Amino acid sequence: GNSVTQMEGPVTLSEEAFLTINCTYTATGYPSLFWYVQYPGEGLQLLLKATKADDKGSNKGFEATYRKETTSFHLEKGSVQVSDSAVYFCALRGAGGTSYGKLTFGQGTILTVHP
Amino acid sequence: GAGVSQSPSNKVTEKGKDVELRCDPISGHTALYWYRQRLGQGLEFLIYFQGNSAPDKSGLPSDRFSAERTGESVSTLTIQRTQQEDSAVYLCASSLVYRQETSPLHFGNGTRLTVT
């Protein structure tokens, strides 16, 4: 079946540091890939997405590139802010069969940014 | 009527009792999803609805769990004879259609269920 593996957290950074959160996946066919974010006290929300190989999703200074050769979708940001402190989830949507239509999530990575 | 609404936000129940969790999706969203998040773990898929039918129930952990949706709107997740391992946050999400690359999921804030 489909699966998503994220780097374990928590991740603690100082403001303006560079961020990478690794995400790798296992899936058949050509899944779509997503990063969701959950800010303290709020619901999960879509951060960015990529629907085919070599696509780059970007939003709020975050980027992730769909790498089919390495089955990865790592999240990066060049300069984090305190307001980026949240839990980040990598997810994929299956390309077909019974997986079609549902998101499979990684376990989440807690990010804390200090001033 | 902004986002996905879930009720109750918190529920404490005794082992063996039944509970019902409610989800009000965004108006017009045809797809609705239930996920479970246990403490320190990722999101576990339970079931999704396209309209009022559920093409994929594969994630329901046991026959104690059931869900229904009526009027292509409200959904109820029912857990019968609750067990302590059912303690988790139950998340509901909806999307305009069930192809998420063009229609992202919108999540509610969840129901935190504690079984004592």
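These numbers come from a predicted model, not from an experiment.

## Some details on the overall build of chain A
When helices and strands are counted, chain A shows zero helices and twelve strands. When its helices and strands are written in sequence order, chain A yields β-β-β-β-β-β-β-β-β-β-β-β. Computed over the C-alpha atoms, the radius of gyration of chain A is 14 Å, within 12% of the 13 Å expected from 2.2 N^0.38 for a compact globule of 115 residues. By its C-alpha atoms, chain A is 45 × 30 × 20 Å across when sized along the principal axes.

## Describing the packing of aromatic side chains
For any pair of aromatic rings, the description rests on two quantities: the centre-to-centre distance and the angle between the ring planes. Summed over the entire model, instances satisfying the criterion amount to twelve aromatic pairs over all chains. Ring centres of Phe105 of chain A and Tyr35 of chain B lie 5.3 Å apart, and the angle between their planes is 90°; this geometry places the pair in the edge-to-face category. Of the two residues, Phe105 of chain A sits in strand β11 (residues 103-105) while Tyr35 of chain B sits in strand β4 (residues 31-37), which places them in two different chains. The pair Phe105 of chain A / Tyr35 of chain B is uniform in exposure class, with both members buried.

## Looking at the state of the cysteines
Residue and element names in this part refer to chain B. Evaluation of the coordinates by the stated rule reveals two disulfides over all chains. Between the sulfur atoms of Cys23 and its disulfide partner Cys92 the distance amounts to 1.9 Å. Judged by the torsion about the S-S bond (-70°), the Cys23/Cys92 disulfide is left-handed. Of this pair, Cys23 sits in strand β3 (residues 19-24) while Cys92 sits in strand β9 (residues 88-95); the two residues are 69 residues apart in sequence, bridging distant segments of the chain. On the accessibility criterion, Cys92 (0% relative accessible area) is buried.

## Comments concerning the interface of chain A and chain B
Taken together, the contact between chain A and chain B spans 20 residues of the former and 21 residues of the latter. Here chain A and chain B share zero salt bridges between them. Taken together, chain A and chain B are joined by three residue pairs in polar contact (both at pLDDT 80 or more). Residue composition of the side of chain A that touches chain B, grouped by class: eight nonpolar, eight polar and four charged.

## Overview of the nonpolar core
In globular proteins that are soluble, nonpolar side chains generally tend to be buried together. If you look at the biggest cluster of nonpolar residues, it comprises 26 residues, and the most contacted ones within it are Leu19, Trp35, Leu47, Leu48, Phe73, Leu75 and Tyr88 of chain A. Of all elements in the fold, only β2 (11-14), β3 (19-21), β4 (23-26), β5 (32-38), β6 (45-50), β8 (62-65), β10 (86-93) and β12 (109-114) of chain A reach the threshold of two or more residues within this core. The element best represented in this core is β10 of chain A, accounting for four residues. Sequence-distant contacts of Tyr88 of chain A, that is, excluding residues within four places in its chain, are made with Gln6, Ile21, Trp35, Tyr36, Val37, Leu47, Phe62, Leu75, Gly108, Thr109 and Leu111 of chain A. Counting 19 residues, the second-largest nonpolar core is a separate cluster that includes Val19, Phe49, Leu60 and Leu77 of chain B.

## Here we look at the pairing of β6 of chain A
Residue and element names in this part refer to chain A. Bridging between β5 and β6 involves five bridges; their strand directions are antiparallel. Within the sheet, the bridge partner assigned to Val37 lies in β6 and is Gln45. Where β5 folds back on β6, the antiparallel hairpin that results is connected by six residues, among which Gly41 adopts a positive phi of roughly 80°.

## Some remarks on the side chain of Ser95 of chain B
Residue and element names in this part refer to chain B. For Ser95, the location among the structural elements is in strand β9. Among the polar contacts made by the side chain of Ser95, one reaches the side chain of Tyr33 at a distance of 3.3 Å. For Ser95, the residues in contact, after removing those within four places along its chain, are His29, Thr30, Ala31, Tyr33, Ser103, Pro104 and Leu105.

## Quick word on the pattern of salt bridges
Counting across every chain of the model gives seven salt bridges over all chains. The partner of Lys52 of chain A in a salt bridge is Asp55 of chain A, with the nearest N and O atoms 3.3 Å apart. For Asp55 of chain A, a relative accessible area of 21% gives the class partly exposed. Residue Arg36 of chain B is joined to Glu44 of chain B by a salt bridge in which the shortest nitrogen-to-oxygen separation is 3.0 Å. Residue classification places Arg36 of chain B among the buried positions, given a relative accessible area of 2%.

Calculation notes
- Residues numbered from 1 in each chain as written.
- Chains lettered and ligands numbered in written order.
- Predicted model: local features only at pLDDT ≥ 70, side-chain atom pairs only at ≥ 80, totals over all residues.
- Heavy atoms only, no water.
- Helix = DSSP H or I, 4+ residues; strand = E, 2+ residues; numbered from the N terminus.
- Rg over C-alpha atoms; globule rule 2.2 N^0.38 Å.
- Phe/Tyr/Trp six-rings, centres within 6.5 Å; stacked < 30°, edge-to-face > 60°.
- Buried < 20%, exposed > 50% of the residue type's maximum accessible area, 1.4 Å probe, protein only.
- Disulfide = S-S within 2.5 Å.
- Contact = heavy atoms within 4.5 Å.
- Salt bridge = Lys/Arg side-chain N within 4 Å of Asp/Glu carboxyl O.
- Polar contact = N/O pair within 3.5 Å; in protein donor to acceptor, adjacent residues only side chain to side chain.
- Nonpolar A, V, L, I, M, F, W, Y, C, P; charged D, E, K, R; others polar.
- Core = buried A, V, L, I, M, F, W, Y, C linked by side-chain atoms within 4.5 Å.
- Pairing = 2+ DSSP bridges.

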